Amino acid sequence: MRLVRTGKFSSLMSSIFVWVTEEKLRSACNILFLLVFIAIINHYVSCGWYLLGSQVSGDHSWVDFFEVDVNRTLFYTYTTSLHWSLTQFTPASMEITPRSGAERVYAVCTLLFAMVVFSSFVSSITSSMTQIRQHQSEMEQSQRELRSFFSHKKVSVELCQRIWMHLRQSQWSSRKTMHENQLKILARLPDSLKSKLRDELFSPILTKAPVIQWISNGNVHGMSALCSQAVTEVTVVSKEELFVAGMV
């Protein structure tokens, strides 16, 4: 049952990633997910370690030898087992050691498993941090090039400020709007799915106009064709001209 819950948790985290669009937040969520995943694994390993030690009486088990159960609370016993488990996944150490052959085999198997899990964990965190730095580096590089261009071409200060403010809101902002035509992967969708997607994107907006609402009520296919073929997304920032004189 607990394994099923763990699987559901993993599915929940994956669905959350779909809705997280900011790269920095996605990387942070990915690191958090990895930490939770490591904690869950260590929980099961520590429970198995305590179960193995509690099956044998006398000094042949780590539980009795280190007197973990003697006048100790359940919380202390659990955290001791969890501490031992975490030391197998990290370069840390503690005073608890195996006291029997079965415990030694369990410890060796845990170490082999931890080598794979921990190396993957470190690799994933490194990859996430690299993505954050790369994204920040690309933005800083474009800003340096723009400042150099302004200086070399002797662009007026007023125009520089207007261009800079526009780019900061439209290109460098983490909240910039993403359009359908900017996602190349969507171009590979079949026409039926593209049509459904555009219907869901544009119909709620278009039907706010009474005329379009009347058309959609009487001609569903016509409304679908309107969304699929006659609508284009354009984002304008504050104080940007929507229409320019002489171009309409």
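Just above sits the structure.
Here goes a summary of the coordinates provided. Being a predicted model, the structure only gives us computed values, none of them experimental.

**A closer look at the packing of aromatic side chains**
- Per the stated rule, a full pass over the model turns up ten aromatic pairs.
- Ring centres of Trp 49 and Trp 84 lie 3.8 Å apart, and the angle between their planes is 5°; on these two criteria the pair is classed as stacked. With Trp 49 in helix α2 (residues 23-54) and Trp 84 in helix α4 (residues 74-89), the pair connects residues that are 35 residues apart, well separated along the chain. Across the pair, exposure class does not vary: Trp 49 and Trp 84 are buried alike.
- When the centroid spacing of 6.0 Å and the interplanar angle of 25° are considered together, the rings of Trp 49 and Tyr 106 count as stacked. One end of the pair, Trp 49, is in helix α2; the other, Tyr 106, is in helix α5 (residues 101-153), and 57 residues separate them in sequence.
- Taken together, the ring pairs in this structure connect Trp 49, Tyr 50, Trp 62, Trp 84 and Tyr 106 into an aromatic cluster.
- Its end group placed over the ring of Phe 65, Arg 99 keeps NZ or CZ at 3.6 Å from the ring centre.

**Some points on helix α9 (residues 220-229)**
- Every buried residue of α9 is listed here: Met 223, Ser 224 and Cys 227. Along the long axis of α9, the arc covered by the buried residues comes to 100°, so they all point the same way. Along α9, exposed side chains directed more than 90 degrees from the buried face belong to His 221 and Gln 229.
- The elements touched by buried residues of α9 are α7 (191-206) and α8 (210-218).

Cut-offs and rules
Residues numbered from 1 in each chain as written. Predicted model: local features only at pLDDT ≥ 70, side-chain atom pairs only at ≥ 80, totals over all residues. Heavy atoms only, no water. Phe/Tyr/Trp six-rings, centres within 6.5 Å; stacked < 30°, edge-to-face > 60°. Helix = DSSP H or I, 4+ residues; strand = E, 2+ residues; numbered from the N terminus. Buried < 20%, exposed > 50% of the residue type's maximum accessible area, 1.4 Å probe, protein only. Lys NZ or Arg CZ within 6 Å of the ring centre and 35° of its normal. Arc of directions from axis to C-beta. Contact = heavy atoms within 4.5 Å.

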